[in-house]
Amino acid sequence: MTHSSTKRMLVIALMTVTLASLCTHWFNRYYVGVAIDIGINIILAVSLNLINGHTGQFSLGHAGFMAVGGYTTAKFALVMQPILPTWLQPVIFIAGLLLGGLMAAAAGLAVGVPSLRLRGDYLAIVTLGFGEIIRVIFQNTESLGAATGLTGIPAWTNFGWAWGGAAVTVFVVASLVNSTYGRGFIAVHDDEVAAGASGVNPVRYKVTAFVIGSFFAGIAGGLYAHHKSFLSPTGFDFMKSIDIVVMVILGGMGRTAGVIIAAVLVTVLPEFLRGMAEYRMIIYSLLIIGLMIARPQGLFSFGKLGRTKA
């Protein structure tokens, strides 16, 4: 897929999202809410896929970066909304999302520089610890609602913002991976020692992937905050990170299209099981385990999706 065709697909996707967003008032609010959740989860899954799938790392702290972005965006909106006029709300929203993404990227850089010389289980433990540290900090910060959570966040996220963000995330990650520079991510994934011997700096590429993935996780956190209008530290615990990892593994590591389909499936499946409230999580867990056993390489890992030559 050429760069021009990728840009054309982005334009078509954004036009489709805009048109669909204008029609959302005709649909049930519950279904629109689920569709927004899907868009946010696509951003999280695709951004983590850059780290875990394309670069070959194993991060378990993606919910921590999401929390940084969510709380930053929400607090920025709560501070600026009473000061600025109503017609500037879209500007506050966009500025807050970018600020949340940048703060999450800074957090990714802070954890990435000292820890990404580690590999495998050691890196997973470090990122897991980072995610828990972030959650505990928010849980004990009174200005951010502490354990009771942050309330009163304006509900500015709609279908267009969520899916527009998802389209931009997919475009940026796919363009990056399929670029000349992006070949370095694939080289580090395939053989870090050989990549280093060929002149590729593995640490630099791993930190770059970590920072970019963290930035988009922060954007997802901001969209999530303005979608739910409430943030609680418990919403960004270890299990949230596991959910995002499941999307990546289920879709096929490094397979962008597969990860998108898996994000949709993992978001929608619990909704279908709501009628079995007592057994919902048991059935959901068993289905995920069964899929992992049946196709450990990823349920949607047919061909090399997301790694087509630029």
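Residues numbered from 1 in each chain as written. Predicted model: local features only at pLDDT ≥ 70, side-chain atom pairs only at ≥ 80, totals over all residues. Heavy atoms only, no water.

### Considerations on the overall build of the protein
Rules: Under the DSSP-based scheme used, a helix requires at least four consecutive residues in state H or I and a strand at least two consecutive residues in state E, with every element numbered from the N terminus. Remark: exposure states derive from per-residue accessible area (1.4 Å probe, protein chains only) relative to the maximum for the residue type, with buried under 20%, exposed over 50%, and partly exposed in between. Note on areas: these come from Shrake-Rupley sampling with a 1.4 Å probe, and a residue is covered only by the protein chains present in the view.
When you go through the protein residue by residue, the secondary structure sums to twelve helices and two strands. Across the 310 residues of the protein, 50% fall into the buried class. Per element, the accessible surface of the protein, about 14,500 Å² overall, is 70% carbon and sulfur.

### Overview of the confidence of the model for the protein
What counts, and what does not: A score between 0 and 100, pLDDT records how confident the predictor is in each residue. A contact between two residues is defined here by any heavy atoms of the two lying within 4.5 Å.
Taken over all residues, the pLDDT of the protein has a mean of 82, while the share at 70 or more is 84%. Element-level mean pLDDT values for the protein span from 62 in helix 1 (residues 3-22) up to 94 in helix 3 (residues 62-80). Counted against residues more than four places away or in other chains, residues 303-310, with its pLDDT under 50, gives 26 contacts.

### Quick word on empty space enclosed by the protein
Going by this rule: A cavity here means a set of 1 Å grid points, computed over protein atoms only, where a 1.4 Å probe fits but cannot escape. A pocket is an open set with protein on both sides within 12 Å along at least 5 of 7 lines, and lining residues have an atom within 4 Å of a point. Grid points are joined across faces, edges and corners, and a volume is the space filled by probe spheres set on the points. The classification used treats Ala, Val, Leu, Ile, Met, Phe, Trp, Tyr, Cys and Pro as nonpolar, Asp, Glu, Lys and Arg as charged, and all other residues, Gly among them, as polar.
Here the structure, examined in full by the defined rule, presents one cavity of 30 Å³ or more. Counted as a void, the largest cavity has a volume near 30 Å³. Taken together, Leu 60, Gly 61, Ala 63, Gly 64, Leu 128, Gly 131, Glu 132, Phe 236, Asp 237, Phe 238 and Ser 241 make up the lining of the largest cavity. When residues of the lining of the largest cavity are assigned to their parent elements, the largest contribution, three residues, is made by helix 5 (residues 120-139). Taken together, the residues of the lining of the largest cavity sort by class into five nonpolar, four polar and two charged.

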